[in-house]
Amino acid sequence: LLDGMFVFALYDETTGTYMAGRDHMGISPLYMGRGRDAGAVFLSSEMKGLSNCDAVEHYEIFPPGHQLVMRPGEEPELTRWYDPAWLDPDRTASEPYDPAKLRETVTKAVVKRLMVDVPHGVLLSGGLDSSLVASIAVKHAQEAQNRNVGKDERLKSFCIGIEGAPDLAAARKVADLIGTE
């Protein structure tokens, strides 16, 4: 299974087939337009690339977890490649709640996102979710690979809000407690 954030567009010159796809959660932007000419398909990472084009009649978001295949002489085929069981609203959880497994899964997800080669930080609202993610990031920062942050450098945290708002005060408390800059 593909893992990560991506969009792609490929052309197979031996068969004349075009292919495009988007990551499972739609993290990377991709838009698709249909042309005034029958069968014309346009792709862009920004909607303005399609909305400002006279040749595009209709445009929409390229759905997350989908792929587009266009073969010569055939209608474009848009199919879902990411089809986890939890998308089915009639399906219920098949395993019992396990707090240790949940903790491990969340920790692995945060550590995975620390594996970057550029300076980075966390957005801290002062609420439970962002505080939890930020504290895991601080605790496990040195485990991450490909980091562009020195061993003794503190993780940066950022907060957005209106001056005097209780969220800002809560975020400051959390930042002080976990030691972010």
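About the criteria used
Residues numbered from 1 in each chain as written. Predicted model: local features only at pLDDT ≥ 70, side-chain atom pairs only at ≥ 80, totals over all residues. Heavy atoms only, no water. Buried < 20%, exposed > 50% of the residue type's maximum accessible area, 1.4 Å probe, protein only. Helix = DSSP H or I, 4+ residues; strand = E, 2+ residues; numbered from the N terminus. Pairing = 2+ DSSP bridges. Axes fitted to C-alpha atoms, helices over the stretch in contact; angles between N-to-C directions. Salt bridge = Lys/Arg side-chain N within 4 Å of Asp/Glu carboxyl O. Lys, Arg positive; Asp, Glu negative; His and termini not counted. Polar contact = N/O pair within 3.5 Å; in protein donor to acceptor, adjacent residues only side chain to side chain.

1. Focus on the pairing of strand β3 (residues 31-35)
(1) Moving on: Taking burial as the measure, the 5 residues of β3 include 4 buried ones, the bulk of the element.
(2) Moving on: Once β3 ends, the chain turns through 5 residues before running back antiparallel as strand β4 (residues 41-44), passing Gly39 with a positive phi of about 85 degrees.

2. Thoughts on the sheet that holds strand β1 (residues 7-12)
In sheet architecture, strand pairing relies on hydrogen bonds along the backbone and comes in two forms, parallel and antiparallel.
(1) Moving on: With respect to topology, 4 strands assemble into an open sheet ordered β1-β2-β6-β7, the strand pairing being antiparallel. Of all the strands in the sheet, just β1 and β7 (77-80) have a single pairing partner and so form its edges. With direction set aside, neighbouring strand axes in the sheet form an average angle of 15 degrees.
(2) Moving on: Of the strand pairs in this sheet, β1 and strand β2 (residues 17-22) are connected by 6 bridges, and their pairing is antiparallel. Looking at the pairing, Tyr11 lines up with Tyr18 of β2.

3. Some points on the sheet that holds strand β5 (residues 56-61)
(1) Moving on: Taking strand neighbours across the sheet as the criterion, the 3 strands line up as β4-β3-β5 in an open arrangement whose pairing is antiparallel. Of all the strands in the sheet, just β4 and β5 have a single pairing partner and so form its edges. On average, adjacent strands in this sheet sit at an angle of 25 degrees to one another, irrespective of strand direction.
(2) Moving on: As defined by bridge partners, β3 adjoins β4 across 4 bridges and the pair is classed as antiparallel. The partner of Met32 across the bridge, within β4, is Leu43.

4. Thoughts on the pattern of salt bridges
(1) Moving on: By the definition in use, this model includes 6 salt bridges.
(2) Moving on: A salt bridge links Arg71 to Glu77; its shortest N-O distance comes to 3.5 Å.
(3) Moving on: With its nearest N and O atoms 3.5 Å apart, the salt bridge here joins Asp176 to Arg172. Within this pair, Asp176 and its partner Arg172 are both found in helix α4 (residues 166-178), separated by 4 residues, close to a single helical turn.
(4) Moving on: Looking at Asp176, the relative accessible area reads 51%, which means it is exposed.

5. What about the side chain of Arg22?
(1) Moving on: Mapped onto the secondary structure, Arg22 falls in strand β2.
(2) Moving on: Of the side chains with opposite charge, Asp23 comes closest to the buried, unpaired Arg22, at an N-O distance of 4.9 Å.
(3) Moving on: A distance of 2.7 Å separates the side chain of Arg22 from the backbone oxygen of Ser28, its partner in a polar contact.

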